[in-house]
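Examining the three-dimensional arrangement
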Amino acid sequence: MTGTERQTQLERWLRQTLAERGERAGRAPAPLTADASFRRFARVVTDAGPRILVDAPPERENNAGFLRVAAWLEARALPAPRVLAADEDAGFLLVTDLGDDTLARRILANPEDTTALHDAAVDALVAFQRAAHIDPPPFPPYDAERLALENGLFGEWCLEGLLALPRSPAVLDEALKALTSAHLDAPRVAVHLDWHSRNLMVQRDGTIAMVDFQDARNGPQGYDLVSLLRDCYRTLEAAELERLFARFLQAARDAGLPGTEDADAFRRSFDLLGMQRHLKALGIFARLHLRDGRSHALADMPRTLEHVLQVAPAHAETVDLGRWLASEVRPRLAARLA
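Please read all numbers here as calculations on a predicted model, not as lab measurements.

Reading guide: rules and limits
- Residues numbered from 1 in each chain as written.
- Predicted model: local features only at pLDDT ≥ 70, side-chain atom pairs only at ≥ 80, totals over all residues.
- Heavy atoms only, no water.
- Salt bridge = Lys/Arg side-chain N within 4 Å of Asp/Glu carboxyl O.
- Buried < 20%, exposed > 50% of the residue type's maximum accessible area, 1.4 Å probe, protein only.
- Axes fitted to C-alpha atoms, helices over the stretch in contact; angles between N-to-C directions.
- Helix = DSSP H or I, 4+ residues; strand = E, 2+ residues; numbered from the N terminus.
- Parallel < 35°, antiparallel > 145°, perpendicular 65-115°, else oblique.
- Left-handed = near helix turned anticlockwise from the far one by under 90°.
- Contact = heavy atoms within 4.5 Å.
- Nonpolar A, V, L, I, M, F, W, Y, C, P; charged D, E, K, R; others polar.
- Phe/Tyr/Trp six-rings, centres within 6.5 Å; stacked < 30°, edge-to-face > 60°.
- Pairing = 2+ DSSP bridges.

**Looking at the pattern of salt bridges**
A side chain of one charge can pair with a side chain of the opposite charge if their charged atoms are brought near each other. The tally for this structure, following the rule as stated, stands at 28 salt bridges. Notably, a salt bridge pairs R167 with E160, separated by 2.6 Å at the nearest N-O pair. Using a relative accessible area of 40% as the deciding quantity, one classes R167 as partly exposed. When salt bridges that share partners are traced, they join D119, D123, E240, R243 and R247 into one network.

Here it is, written out as structure tokens:
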């Protein structure tokens, strides 16, 4: 199917869907900025309010996962887009409109609200985990098979593809074995997978809603927290990171969530999970550029690498990796991006 044919099919589905819902659109859908996936979004203004039209090609996107998680979130009144209509086979969805204020955008526009917004993002994460702890969701496991796929991304796309380095140096292989063990040994909770400043929406009342949750899994405690506090798209001051780390730890303990009893063990897991996540992200950012012709994430690669370099010296399993990344990867990346 050509792009034009798919667009025609999408428009026909939207007209039919709105008619079935008794809604009318006053004008054509307005395209919105796309994310790192193959999905396309548009805002549809109807007489019943704004909606978001999603074109998610089924061969590329996990639509079944999105619908499954969305239903679970809605049933527990957790803030997230609500599905109004869907054709899973075609990959067309109509969902509620959460606005345009991501956490990153709101903080940039209103820096005086940063503390309150950070607190809200941490509290929303605890609420998400607590709901899943009480009523386990139908999320697949974040298991060794998934990790094997993720761990290959950095070598294939960043080292070999972008920097012309060997994809599988021994120092990386050894570190990834240790990071995988830490990942699989951590207590399991609900994991959004991308709990960061561009996937959290600030609502009018200041509460935080989540989007991009289709790949949620049962995974390691601390993974979503490190996604937020060591965000690939922004850097928190050290004091603020520590304050939020302590806030989460106390709130999670109060909620009876696993993996938070021992602060030192939680910190260690937090660090190691973050390194695995950031290496994966570097591979994804390089792949977006090399395979998909989408270079917007290249600017975020140095920050993402620095997150690894700051933490690696603190852990015996990753000291050598940190030295190698600093001597071999950081200068090559800087030169490549220049």
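**A look at the packing of helix α4 (residues 114–134) against helix α8 (residues 238–254)**
One way to put it is that α4 packs onto α8 with a least axis distance of 10 Å and a crossing angle of 30°. Between α4 and α8, the crossing angle belongs to the class labelled roughly parallel. Between α4 and α8 lies a crossing whose hand is right-handed. On α8, the residues that touch T115, H118, D119, V122, D123, L125, V126 and Q129 of α4 are E240, R243, L244, R247, F248, A251 and A252. Classifying every residue of the contact of α4 with α8 by side-chain character gives seven nonpolar, three polar and five charged.

**Here's the deal with the packing of aromatic side chains**
Scanning all chains against the criterion turns up 12 aromatic pairs. Both rings, one in F128 and one in F139, keep their centres 6.4 Å apart while their planes meet at 35°; by these two values the pair is tilted. Pair noted here: F128 is in helix α4 and F139 is in the loop between α4 and α5 (144–162), with a separation of 11 residues, a long-range link. Comparing F128 with F139, the two get one shared label, buried.

**Observations regarding the pairing of strand β2 (residues 40–46)**
Across the seven residues that make up β2, a large majority, five, are buried. Taken together, the three bridges between strand β1 (residues 30–32) and β2 define a ladder with antiparallel strand orientation. If you follow P31 over to β2, its bridge partner there is A42. Bridging between β2 and strand β3 (residues 49–55) involves seven bridges; their strand directions are antiparallel. Within β3, the residue paired with R40 across the bridge is D55.

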